[in-house]
Amino acid sequence: MTEHDAMELARRCARTLFERDPASNALGMRLLSVAPGAARLGMSVRADMLQGHGTCHGGLIFTLADSAFAIACNSHDRATVALGCSIEYIAPAQLGDTLTADCHEQNRGGRTGHYAVRVENQQGRLIALLQGKSYQVHGPVLTQETSHE
């Protein structure tokens, strides 16, 4: 497969998966870019995303990072799910911040892969780091049905 073909496949997989993701869409996430094994998503912090201390709820930061991870690990048209993730919160995200989650494949072999996600605000301030491990299930992304094993 040529580099151009791999990029086009990654774009098609990302669009398809993102369209089938009502949770990410409900949070106002935006698909900013995709490449084989990589994805960049954005999300603006709204008032309904704040927790009791007045900053963005950590679960929503995790969701943004996890969504970027999902797009990146499915960019090869192999249906893939998270096997595990860990996140480190570095700094709080504030109301009105525009967060960006950049995910990059670190390693992929057999049915597993390892991914790193960096979440930053609009000023480039590091908000969180997520490490994810993926597991390839059966079938492609582009013709995957909504049921799971």
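If you're wondering where the values come from, they're calculated on a predicted model, not measured in any experiment. (Residues numbered from 1 in each chain as written. Predicted model: local features only at pLDDT ≥ 70, side-chain atom pairs only at ≥ 80, totals over all residues. Heavy atoms only, no water.)

Engineer: Can you break down the overall build of the protein residue by residue, with the values?
Structural biologist: Of the regular secondary structure elements, the protein holds three helices and six strands. Counting from the amino terminus, the protein carries its helices and strands in the arrangement α-α-β-β-α-β-β-β-β. Taken over C-alpha atoms, the radius of gyration comes to 15 Å for the protein, in line with the 15 Å a tight globule of 149 residues would show. For the protein, the spread of C-alpha atoms along the three principal axes comes to 45 × 30 × 25 Å. Buried positions account for 39% of the 149 residues belonging to the protein. Taking the intrachain contacts of the protein between residues at least 6 apart in sequence as the baseline, contacts between residues at least 24 apart amount to 63%. (Helix = DSSP H or I, 4+ residues; strand = E, 2+ residues; numbered from the N terminus. Rg over C-alpha atoms; globule rule 2.2 N^0.38 Å. Buried < 20%, exposed > 50% of the residue type's maximum accessible area, 1.4 Å probe, protein only. Contact = heavy atoms within 4.5 Å.)

Engineer: Kindly report on the environment of L95, identifying the contributing residues and their values.
Structural biologist: Looking at the element boundaries, L95 is found in the loop between β3 (80–89) and β4 (98–109). In this structure, the C-alpha to C-alpha distance between L95 and A47, residues 48 residues apart in sequence, is 6.2 Å. With sequence-adjacent residues up to four places away left out, L95 is seen in contact with V45, R46, A47 and L50.

Engineer: Lay out the sheet that holds strand β1 (residues 30–35) with the relevant residues and their values.
Structural biologist: The six strands lie next to each other as β1-β2-β4-β5-β6-β3, forming an open sheet whose pairing is antiparallel. In this open sheet, the two edge strands, each paired with only one partner strand, are β1 and β3. Looking at each pair of strands side by side, their axes are set apart by 20 degrees on average, direction ignored. Pairing of strand β2 (residues 38–44) with β4, which is carried by seven bridges, proceeds in the antiparallel orientation. Counted as the bridge partner of S44 is T98 from β4. Across the sheet, helix α1 (residues 3–19) touches β1 and β2, and the angle it forms with β1 is around 150 degrees. (Pairing = 2+ DSSP bridges. Axes fitted to C-alpha atoms, helices over the stretch in contact; angles between N-to-C directions.)

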